[in-house]
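Fold and contact review
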Amino acid sequence: MNHILLKASLILFCSVWAASTQAAVDSYRFVHVTIATPWYIFLFLLMGVFAPFVLMAVIAWRNAARKSAQEVENVNHEPVK
């Protein structure tokens, strides 16, 4: 019984202490939100959206260049697979 009471009081003390610590950290003095912040978020997400399209264009361009080089090398005019 004494052991359970000790655990319960320790849990209560830790939860009260953590709540006061969280309230101190959760203030706006650590996060500086300005009018430019949404634009920075928008530009960051825009890069994430357009990066696969840029990669796809680079891969398609390299593939097309490789196929045209194979067609130039093919002097017997055999169909390229």
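Residues numbered from 1 in each chain as written. Predicted model: local features only at pLDDT ≥ 70, side-chain atom pairs only at ≥ 80, totals over all residues. Heavy atoms only, no water.

Before going further, it helps to spend a moment on the overall build of the protein chain. Of regular secondary structure, the protein chain possesses two helices and zero strands. Expressed as a percentage of the 81 residues in the protein chain, the buried residues total 1%. With an accessible surface of roughly 8200 Å², the protein chain has 74% of that area assigned to carbon and sulfur atoms. (Helix = DSSP H or I, 4+ residues; strand = E, 2+ residues; numbered from the N terminus. Buried < 20%, exposed > 50% of the residue type's maximum accessible area, 1.4 Å probe, protein only. Areas by Shrake-Rupley, 256 points an atom, 1.4 Å probe, with all protein chains shown as cover.)

Below, the discussion takes up the packing of aromatic side chains. By convention here, two paired aromatic rings are described through the distance between centres and the angle between planes. The full count for this structure, using the stated rule, is two aromatic pairs. A ring pair is formed by W39 and F42, whose centres lie 6.0 Å apart and whose planes are at 90°; its orientation type is edge-to-face. You can see W39 and its partner F42 sitting in helix α2 (residues 37-73), three residues apart, about one turn around the helix. The exposure class of W39 is exposed, given its relative accessible area of 57%. Judged by its relative accessible area of 44%, F42 falls in the partly exposed class. Taking 6.4 Å as the distance between ring centres and 55° as the angle between the ring planes, the aromatic pair formed by F50 and F53 counts as tilted. Here F53 and F50 lie together in helix α2, a separation of three residues that amounts to about one turn. (Phe/Tyr/Trp six-rings, centres within 6.5 Å; stacked < 30°, edge-to-face > 60°.)

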